[in-house]
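Coordinates in review
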Amino acid sequence: MQTMDRVINLMFFSHVSINATMRLKMKKNDKEGKSEDTVAVDTGLLWRGTVQHCRPVRPIGIDDEKTISMREFTIGLDGIDRISAVRIFIPKDTHPVQHRQNVLKSLQEVHRRMPTLPLLDPVKDLGIKGNEFQTLVERAATLKERLSSHKLSTDFTEEEKKLRVEAYGRKTDLLEQARVIRRKAHSCQTMVMRDELKKMKRVLRQLGHVDASGVIQTKGRTACEINTANELVVVELVFTGILNDLSVEQCVALLSCMTYDERNKSDEGEDPAKDLKSYLSNPFYKLQETGRVVAKASIACKVELDENEFVEQFNPGMMEAVFAWCKGAKFVDVQKLTGSFEGTTIRTLRRLEELVRQLTSASKAIGNHELQKKFEQGSELIKRDIVFCSSLYL
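A brief look at the structure comes next. Only a predicted model underlies this, so the values are computations on that prediction, with no experimental measurement involved. (Residues numbered from 1 in each chain as written. Predicted model: local features only at pLDDT ≥ 70, side-chain atom pairs only at ≥ 80, totals over all residues. Heavy atoms only, no water.)

1. With respect to the overall build of the protein
- For the protein, the count of helices and strands is 13 helices and four strands.
- Looking at the protein as a whole, 34% of its 394 residues qualify as buried.
- Element-wise, carbon and sulfur atoms account for 53% of the exposed surface of the protein, whose accessible area totals about 26,000 Å². (Helix = DSSP H or I, 4+ residues; strand = E, 2+ residues; numbered from the N terminus. Buried < 20%, exposed > 50% of the residue type's maximum accessible area, 1.4 Å probe, protein only. Areas by Shrake-Rupley, 256 points an atom, 1.4 Å probe, with all protein chains shown as cover.)

2. A short note on the environment of Ser-361
- Its location among the elements puts Ser-361 in helix H12 (residues 342–366).
- Sequence separation of Ser-361 and Ile-226 is 135 residues, and the distance between their C-alpha atoms is 9.1 Å.

3. Considering helix H8 (residues 278–300)
- Here H8 is 23 residues long and its end C-alpha atoms lie 33 Å apart, about the 33 Å a rise of 1.5 Å per residue gives.
- Among the residues making up H8, those that are buried are Leu-280, Ser-281, Pro-283, Phe-284, Leu-287, Gln-288, Thr-290, Gly-291, Val-294, Ala-295, Ala-297 and Ser-298.
- Phi for Lys-302, located one or two positions after H8, is positive at around 70°. (Expected span 1.5 Å × (residues − 1).)

4. Description of the pattern of salt bridges
- Counted by the stated rule, this structure contains 10 salt bridges.
- Arg-112 is paired through a salt bridge with Glu-109; the nearest N and O atoms lie 2.5 Å apart. Highlighted residues: Arg-112 and Glu-109, both in helix H1 (residues 97–113), separated by three residues, approximately one helical turn.
- Glu-109 sits in the partly exposed class, given a relative accessible area of 27%.
- Each of Glu-109, Arg-112 and Arg-113 takes part in salt bridges that share partners, so that together they form one network. (Salt bridge = Lys/Arg side-chain N within 4 Å of Asp/Glu carboxyl O.)

5. Quick word on the nonpolar core
- One finds Leu-243, Met-258 and Leu-287 to be the most contacted residues of the largest nonpolar core, which totals 54 residues.
- For this core, the elements supplying multiple residues, two or more each, are helix H4 (158–207), helix H6 (231–239), helix H7 (248–255), H8, helix H10 (319–326), helix H11 (331–335), H12 and helix H13 (369–382).
- In contact with Leu-243, not counting residues within four places along its chain, are Leu-237, Val-238, Cys-251, Leu-254, Leu-371, Lys-374 and Phe-375.
- The next biggest cluster of nonpolar side chains, apart from the first, holds nine residues, and it includes Met-70, Leu-107, Val-110 and Leu-117. (Core = buried A, V, L, I, M, F, W, Y, C linked by side-chain atoms within 4.5 Å. Contact = heavy atoms within 4.5 Å.)

6. Let's talk about the packing of H12 against H13
- Direction vectors running N to C along H12 and H13 enclose 160°, while the axes themselves pass 8 Å from each other. Accordingly, the angle class assigned to the pair H12 and H13 is roughly antiparallel. Handedness of the H12/H13 crossing: left-handed. Contacts between H12 and H13 pair Leu-349, Leu-352, Glu-353, Val-356, Arg-357, Leu-359, Thr-360, Ser-363 and Lys-364 from the former with Leu-371, Gln-372, Phe-375, Glu-376, Gly-378, Ser-379 and Ile-382 from the latter.
- Its residues assigned to classes, the contact of H12 with H13 comprises seven nonpolar, five polar and four charged. (Axes fitted to C-alpha atoms, helices over the stretch in contact; angles between N-to-C directions. Parallel < 35°, antiparallel > 145°, perpendicular 65-115°, else oblique. Left-handed = near helix turned anticlockwise from the far one by under 90°. Nonpolar A, V, L, I, M, F, W, Y, C, P; charged D, E, K, R; others polar.)

7. Considerations on the side chain of Ser-84
- With respect to the helices and strands, Ser-84 occurs in the loop between strand S4 (68–76) and H1.
- With relative accessibility at 3%, the residue Ser-84 sits in the buried group.
- Of note is the side chain of Ser-84, whose polar atom sits 3.4 Å from the backbone nitrogen of Val-86. (Polar contact = N/O pair within 3.5 Å; in protein donor to acceptor, adjacent residues only side chain to side chain.)

8. Focus: the packing of aromatic side chains
- For the structure shown, the criterion picks out four aromatic pairs.
- Each ring, one from Tyr-279 and one from Phe-323, has its centre 5.1 Å from the other, and the planes form 40°; the classification is tilted. Here the residue Tyr-279 occupies a position in helix H8, and Phe-323 occupies one in helix H10, the gap between them amounting to 44 residues.
- Note on Phe-323: relative accessible area 14%, which makes it buried.
- Taking the centre distance of 6.0 Å and the plane angle of 80° together, the rings of Phe-310 and Phe-314 count as edge-to-face. Take Phe-310 and Phe-314: they sit in the same class, and that class is buried. (Phe/Tyr/Trp six-rings, centres within 6.5 Å; stacked < 30°, edge-to-face > 60°.)

This is the structure:
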């Protein structure tokens, strides 16, 4: 691409041109390699506000002069409305703030001396000729006539139009401020999420799911298979060997504590497993101990967590019913062992079967064939009868 520079000094009504550059630009997707001339104008514009929240200046007297500054932007010819015949001195280097301020003072002095700036005539002064340009001029005149005949120009006084324009300007400013506030809120939220992510990484590192370099370990690969219940607690149950010492029915009954989402009805401080038999209560106590290990690791890593609330989420209210269901009891008899509705029992059993299937895949992934076989048997014991019918009307 060849570039040819021409420096042109122009004067705008409220802005000043610093220089204009004409570039020879290749057309996109043009197989013949044709090119076209484009003009980029470096323009000094009056803006107000900070770098993050800046807007064009409003009429004189509305904005605080301390917030107004001249900044350099590059625009195309389609961004130019009219050109005046006034020329002012422009420093060669306009990047220093003081040089731009001098240009701003010169522009203000021009406005003070000539409230109405003389315009360059496109035909007489700029020498633009051709039928196409004349057609555009006539079209612009027609649009100006339609604009002057609009009801906003004819039905309202100058004072009313000024109030409406100011109201619209205030609305635009408020929308811009709202956009900036939303961006700041999103940035703050991202920072909070980033901090939470760092804390969660520390928890995974402390529990052995990843190593010091962040590489996923066997525990982490097992946790990736679990999404129906708290994967950290489930993985600890698997790797501490608690599930190895239990029968298939006991394993499934214990896992029901993490899929039964009803609130524990026992009083505060009361043992929720006091009415369970020892072959069910002892595994539940081990589940509570495992939950406390995970909770203490999270708290040590600065994760906001209440240890007692975390442990109380494991509800043993469905253990006896699930144990009986795995032993082959009828749904009517199983429902008598629960204090919940039939729909809650069915939903718990369905989620439990999904969790057991996920544990089957996790056991297979880590090569624990004993646990894999146990969970496969557990899935077969759960998945039967009316609980897994596709429709109750069949």
